[in-house]
Amino acid sequence: MSIRSLLVFIACSVLAACADDGAVPVAAEQAGRDPDVADMATPPAQKAPIRLYVFDCGRVSFESVAGFGLAETDTASREVAVPCYIIDHPEGQLLWDAGLPSALANQGQWVRRGDGFEVHLTTTLAHQLQAMDLGFGLDSLEYVAFSHIHWDHVGAANDITSGEWLVQKGDYAGVVDAVNNPVPAVELALLEGMKDRPTRVLEGDHDVFGDGRVRIIAAYGHTPGHQVLYVELADTGPVVLSGDLYHFRVSRTQRVVPPFNVDKVQTLQAMTRVEALVAETGSDLWIQHDLARFEGQTRAPGFYQ
């Protein structure tokens, strides 16, 4: 027997012995496939994409930024954006923040809202959704969450007729027991409808859809239940929606805590925690009130994915 024939004989004998011992995958053997190829792990199915829609839910103009703990020379910005967001997940939609009060849309261009500032709302969120026909609306949401309960973040709350309200315990107490838990800049009438919504009271972080791609992150201090939102987008990359953790870019670089925040220490801790998340995940932090960023963003019916 030649050396070549001997090697072939030995190889065939080894394979036969392996088959007798059951080492060759049965499914691969029956299918006539290469066992080594059959043993390779099947790549997991690609997750269905998430879409992030940005809506224009108003503007606020200030005569001074001193109320935010800033010097007048710290920033030239005197106008801020008030956006709303809808995260369209394969398991449903989450509304994040609800902008200025819907009634302002019927009061002209700019309305003096308080001492030293004016507000402007062109079109209500409900009307925008109806006009765009995106396949969902305020009557078909799976979840509703506000970064916090200040009047400029819950303005369309009473227009919402669907969805489970995801709210931190501190802010929830400020709505249902305001006498014992007062929170500055809250207008309870704007949240009256939320009391009828199914509600999940949170005490920390929460994975909204259970797959880690849309997560509420507790960031207390601005209000007792302030929170930010982490959204993992396949093409855009991860983003963090800031709520009012910061109002201006300089607020972030200088870690400025506005004097009207309910807890300065908690605010600073929240800043540290969120910035650690941003660094760990490589997220882009969107300062929601940053008008320059907002004006450069794609707005609905366009989206980020």
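One can find the structure itself at the top, above this paragraph.
This structure is a prediction, so every number in the text was calculated from the model and none was measured. (Residues numbered from 1 in each chain as written. Predicted model: local features only at pLDDT ≥ 70, side-chain atom pairs only at ≥ 80, totals over all residues. Heavy atoms only, no water.)

A. The sheet that holds strand β9 (residues 206–207), seen in detail. The strand order β9-β10-β11-β12-β13 describes an open sheet built from five strands, whose pairing is mixed. For this open sheet the edge positions go to β9 and β13 (284–286), each flanked by a neighbour on one side alone. Pairing between strand β10 (residues 214–218) and strand β11 (residues 227–231): five bridges, direction antiparallel. Paired with R215 across the bridge in β11 is Y230. Of the strands in this sheet, β10, β11, β12 (239–241) and β13 touch helix α7 (residues 264–281), which is tilted by about 150° from β10. (Pairing = 2+ DSSP bridges. Helix = DSSP H or I, 4+ residues; strand = E, 2+ residues; numbered from the N terminus. Contact = heavy atoms within 4.5 Å. Axes fitted to C-alpha atoms, helices over the stretch in contact; angles between N-to-C directions.)

B. Structural context of unusual backbone geometry. With an omega of 15°, the peptide bond between A300 and P301 qualifies as cis. Among the secondary structure elements, P301 is positioned in the segment after α8 (291–295). Look at D97: it is not a glycine, yet its phi comes out positive at around 70°. Its location among the elements puts D97 in the loop between β3 (92–96) and β4 (111–114). D97 sits in the buried class, given a relative accessible area of 0%. (Buried < 20%, exposed > 50% of the residue type's maximum accessible area, 1.4 Å probe, protein only.)

C. Looking closely at the side chain of S162. Mapped onto the fold, S162 is located in the loop between β6 (143–145) and β7 (164–168). Of note is the side chain of S162, whose polar atom sits 3.0 Å from the backbone oxygen of L138. Within the structure, S162 has its side chain in polar contact with the backbone nitrogen of S140 (distance 3.0 Å). Residues in contact with S162, not counting those within four places in the same chain, are L138, D139, S140, L141, V144 and R197. (Polar contact = N/O pair within 3.5 Å; in protein donor to acceptor, adjacent residues only side chain to side chain.)

D. How the structure looks around the sheet that holds strand β8 (residues 199–202). Ordered in space as β4-β5-β1-β2-β3-β6-β7-β8, the eight strands form an open sheet in which the pairing is mixed. Lying at the two open borders of the sheet, with one neighbouring strand each, are β4 and β8. Strand after strand, the sheet turns through a mean of 25° between neighbouring axes, direction not considered. One ladder, built from two bridges, connects β6 with β7; its direction is parallel. Within the sheet, the bridge partner assigned to V144 lies in β7 and is W165. Across the sheet, helix α4 (residues 125–132) lies against β1 (51–62), β2 (79–89) and β3, angled at about 145° from β1, the strand it touches most. Contacting β7 and β8, helix α5 (residues 169–176) runs over the sheet at an angle of about 110° to β7.

E. Region of interest: the nonpolar core. F55, L125, F146 and L191 are the most contacted members of the largest nonpolar core, which totals 47 residues. Secondary-structure elements contributing two or more residues to this core are β1, β2, β5 (117–120), α4 and β7. Looking at this core, the element that brings in the most residues is β1, giving five residues. In this view, F55 contacts V82, P83, C84, Y85, I86, L125, Q128, L129, M132, L134, F294 and A300; residues no more than four positions away in its chain are not counted. (Core = buried A, V, L, I, M, F, W, Y, C linked by side-chain atoms within 4.5 Å.)

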